[in-house]
Amino acid sequence: VVLVIYPLMTSLIVTAMVLPFVYVEVPLKDLGLLAVDSVLVLIAMGCLVVAYSRADAIIVAPTQYSQIIWATLFGIFLFEEYPVWQTYLGTAVIALSGVYILKREATSDVSRNTPALKTRMRMGHSVTLRVGALLRSFRADSSGH
């Protein structure tokens, strides 16, 4: 839920703030393509959530870093846009940082703190969306209790 809702809500809020200043009427054909794209993104996000629920982050997370590579290749081959050197440097920093964190967390020398996903609670964040109770109610409803 957190992987899907927070990014989507952030995109919605930022887009809603900017839209009045940059709106251009979208042709009907493009709206259809946008609908297809939205369905594909929803399926991809669902697959990502399932992957994280079935495997450790050390296995799943590196596949997300491949998004940077794919975006670069699409930019080059579809739009003839070539990244500047700062893009390569930033990509290397992001990927190496992520790999370092994942490797560190996969070792036995990790923090004693319980990850938020295991407890499904975020202490000190009373105004954020609470998903634990919602998930428990869905599970209770589906099991017939």
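Rules used throughout
Residues numbered from 1 in each chain as written. Predicted model: local features only at pLDDT ≥ 70, side-chain atom pairs only at ≥ 80, totals over all residues. Heavy atoms only, no water. Helix = DSSP H or I, 4+ residues; strand = E, 2+ residues; numbered from the N terminus. Buried < 20%, exposed > 50% of the residue type's maximum accessible area, 1.4 Å probe, protein only. Axes fitted to C-alpha atoms, helices over the stretch in contact; angles between N-to-C directions. Parallel < 35°, antiparallel > 145°, perpendicular 65-115°, else oblique. Left-handed = near helix turned anticlockwise from the far one by under 90°. Contact = heavy atoms within 4.5 Å.

1. Observations concerning unusual backbone geometry
Then, number 1: One non-glycine residue, E80, lies in the positive phi region at around 55 degrees.
Then, number 2: Mapped onto the fold, E80 is located in the loop between α3 (57–79) and α4 (85–106).
Then, number 3: Residue class for E80 comes out exposed when judged on its relative accessible area of 65%.

2. Re the packing of helix α2 (residues 28–54) against α3
A packed helix pair is summarised by two numbers, namely the angle formed by the two axes and the spacing between the axes.
Then, number 1: It is at 8 Å that the axes of α2 and α3 come closest, and there the two elements cross at 155 degrees. It follows that α2 is roughly antiparallel to α3 by the angle criterion. For the pair α2 and α3, the crossing hand works out as left-handed. Across the interface between the two elements, L48, A51 and Y52 from α2 touch A57, V60, A61 and Q64 from α3.

Taken by themselves, the reported measurements are silent on function.
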